[in-house]
Amino acid sequence: MTFRTIGIDLAIRGDHLAQIYDDGRPNGRAIRFRHDQPSLAAFVQTAVMGLRADDHIQAIMEPTGMSWFPVAHHLADAGVTVARVKGKRVKALRRYLSEHAKTDMADAQILAAIPSFGGPRLDPVHIPDPRSHALQRLTKQRSRFQNEVADARRRLLDLIRWASPRLEAVLPDLGTRLSLALLQKWFHPSDVLKARRTTLAKYVAAHAGGNHPRSGPFVETLITGLREAAQYAQNLHGTHIDFSELQFEIATEIENVLKKIQIVGDLEQHIADLYKHLDPQALLLSIPGVGRHLAPTLIGILQNIERFHSEKHLRGFCGLFPRRADSGGVERAGQTLTQGGNNRIKHALYLAADTARKTDPELAELYWRLMTAKGHHHKQALCAVANRTPLKTSPFCGIHDSIRQRDLRGADDAGTAWVLGFGRSLRAAERRR
């Protein structure tokens, strides 16, 4: 039986380079191919040429942008096992094998030789189905826009504290549309002081909403506060600040914020529709700490439970576990968390854990024990709780036979039944290894 490995050095714009190894020895010359369907089809045909039915073939590549995706699914469709490895591992091995050369050929040879060096097993790359992949991308885009909105609001708050210190206490929460509308139109102290109270009252009434009344004592108090803050800012700075240019700067920033808020709203609708398709019974929402915002994020990243062959594998993917350091048979305690894993799922699990510890008895007991018996910091204990959360969320990713699982051990709660079923599937997977 032949064990064939193919090291593929990917490029974003140029040619890809591949080197085939059979039983640890190079087989033929390097193969160059391009990022188009005919070239990829010819490469796949060359990659599997000469193999028998009982031979094993594996392709290894780095995740260079999204260049890996078409190469991976062309190879996977041909029955080739595809694995991605971290660039740090390749860089460390290249430094050992080829200290003074960094070429495409050297990278392809190193990638092909990785399995012969032992170390951690190479997990097959997971190629998501189109809807799951779309959900992953959309939740990532939503997170990026939300972070940009939060950054813009912090910049606005810094400008307020610098130019008009008393305005922060007068305005409602800066996240409200009323506050943004007032800043967009009435930040210039001279404009506020020259305007009539009725003009300001009409503007407030036109933009108030939610818990803010459109008339009455709230509006009168707000107008009085705006005028006092404007007078204070004018007396404080005099002519040392060009408030006209500052008004334009703030109005431009707020216009940008409002556009991004609208985009986030549209993304929320698309994400909700995709989530409803992937989890039609909303079973993930029954897990403590997981709401309508985090559920699509978790499904978009975890996707399919078949990706994970054990609890350790799942926790390793999430990255919420400490480093290990031991010497002389003694293990050093108190190690920091590894920097591995997906950052978005770590953030999502951390937020879910902070809510779940208040409602889930098992997680509450763990948090209480770490805080009281071991004296851990709140964040340390919360990371430990978050490390347990994947075992409660993962059963919902890629499994839809909820009616049968609901009857496991007579469990009435759908979430509990799914957790029990997931534990059985993990134990069965470990026995098959």
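No experiment lies behind these values; they were computed from the predicted model shown.

### Looking at the packing of helix 7 (residues 177–185) against helix 9 (residues 197–207)
- Look at helix 7 against helix 9: their axes get within 9 Å of each other, and the N-to-C directions meet at 140 degrees. Considered as vectors, helix 7 and helix 9 are oriented oblique to each other. The two elements helix 7 and helix 9 cross, and the hand of that crossing is right-handed. Along the contact surface, helix 7 presents L178, A181, L182 and K185, while helix 9 presents Y203, V204 and H207.

### With respect to the nonpolar core
- Counting residues in hydrophobic clusters, the biggest one holds 38 residues, and the most contacted among them are L284, V290, L298, I345 and L349.
- When residues of this core are traced back to their parent elements, those giving at least two are helix 5 (130–163), helix 11 (243–278), helix 12 (294–302), helix 13 (311–318), helix 14 (343–356), helix 15 (361–372) and helix 16 (378–388).
- The next biggest cluster of nonpolar side chains, apart from the first, holds 34 residues, and it includes V149, L174, L178 and A229.

### Brief notes about the pairing of strand 2 (residues 16–22)
- Where burial is concerned, most of strand 2 is hidden: seven out of the seven residues are buried.
- Residues H16, A18, I20 and D22 point to one face of strand 2 and L17, Q19 and Y21 to the other, with burial holding for every one of them.
- Here strand 1 (residues 3–9) pairs with strand 2 via six bridges, running antiparallel. In the sheet register, G7 faces strand 2, and the bridge partner there is Q19.
- In this structure, the hairpin formed by strand 1 and strand 2 is closed by a connection of six residues.
- As judged from the three bridges shared by strand 2 and strand 4 (residues 31–33), these two strands associate in the antiparallel manner. Directly across from A18, in strand 4, lies its bridge partner I31.
- Where strand 2 meets strand 3 (residues 25–26), two bridges bridge the pair, whose relative direction is antiparallel.

### Focus on the pattern of salt bridges
- For the structure on display, the rule yields 14 salt bridges.
- Residues R34 and D15 are paired through a salt bridge, measuring 2.2 Å at the closest nitrogen-oxygen approach. Remark: D15 occurs in the loop between strand 1 and strand 2 and R34 occurs in the loop between strand 4 and helix 1 (37–47); sequence separation between them is 19 residues.
- On the basis of relative accessibility, which here comes to 28%, the residue D15 falls in the partly exposed class.
- Among the ionic pairs, R144 bridges to E148, the shortest N-O distance being 3.8 Å. Of this pair, R144 and E148 both sit in helix 5, four residues apart, which is roughly one turn of that helix.

### Quick look at helix 9
- All of the buried residues in helix 9 are L200, Y203 and V204. The buried residues of helix 9 occupy an angular sector of 100 degrees when projected down its axis, which confines them to one face. Exposed positions of helix 9 whose direction lies more than 90 degrees from the buried face are T198, K202 and A206.
- Here the buried face of helix 9 lies against helix 7, helix 8 (189–194) and helix 10 (217–237).

### Quick notes on the confidence of the model for the protein
- Taken over all residues, the pLDDT of the protein has a mean of 84, while the share at 70 or more is 87%.
- Taken element by element, the protein is modelled with least confidence in helix 18 (residues 402–406), mean pLDDT 34, and with most confidence in helix 8, mean pLDDT 96.
- For residues 395–427, every residue scores under 50 in pLDDT, and the model assigns this stretch 57 contacts once sequence neighbours within four places are set aside.

### A look at the packing of aromatic side chains
- Within the structure shown, the criterion is met by three aromatic pairs.
- Taking 5.5 Å as the distance between ring centres and 80 degrees as the angle between the ring planes, the aromatic pair formed by W68 and F69 counts as edge-to-face.
- With a relative accessible area of 7%, W68 lands in the buried category.
- Plain terms: the ring middles of W186 and Y203 are 6.1 Å apart, the flat faces sit at 85 degrees to each other, and that makes the pair edge-to-face. One end of the pair, W186, is in the loop between helix 7 and helix 8; the other, Y203, is in helix 9, and 17 residues separate them in sequence.
- The ring centre of F145 lies 5.0 Å from the NZ or CZ of R144, which sits over that ring.

Thresholds applied
- Residues numbered from 1 in each chain as written.
- Predicted model: local features only at pLDDT ≥ 70, side-chain atom pairs only at ≥ 80, totals over all residues.
- Heavy atoms only, no water.
- Axes fitted to C-alpha atoms, helices over the stretch in contact; angles between N-to-C directions.
- Helix = DSSP H or I, 4+ residues; strand = E, 2+ residues; numbered from the N terminus.
- Parallel < 35°, antiparallel > 145°, perpendicular 65-115°, else oblique.
- Left-handed = near helix turned anticlockwise from the far one by under 90°.
- Contact = heavy atoms within 4.5 Å.
- Core = buried A, V, L, I, M, F, W, Y, C linked by side-chain atoms within 4.5 Å.
- Buried < 20%, exposed > 50% of the residue type's maximum accessible area, 1.4 Å probe, protein only.
- Pairing = 2+ DSSP bridges.
- Salt bridge = Lys/Arg side-chain N within 4 Å of Asp/Glu carboxyl O.
- Arc of directions from axis to C-beta.
- pLDDT = per-residue confidence, 0-100.
- Phe/Tyr/Trp six-rings, centres within 6.5 Å; stacked < 30°, edge-to-face > 60°.
- Lys NZ or Arg CZ within 6 Å of the ring centre and 35° of its normal.

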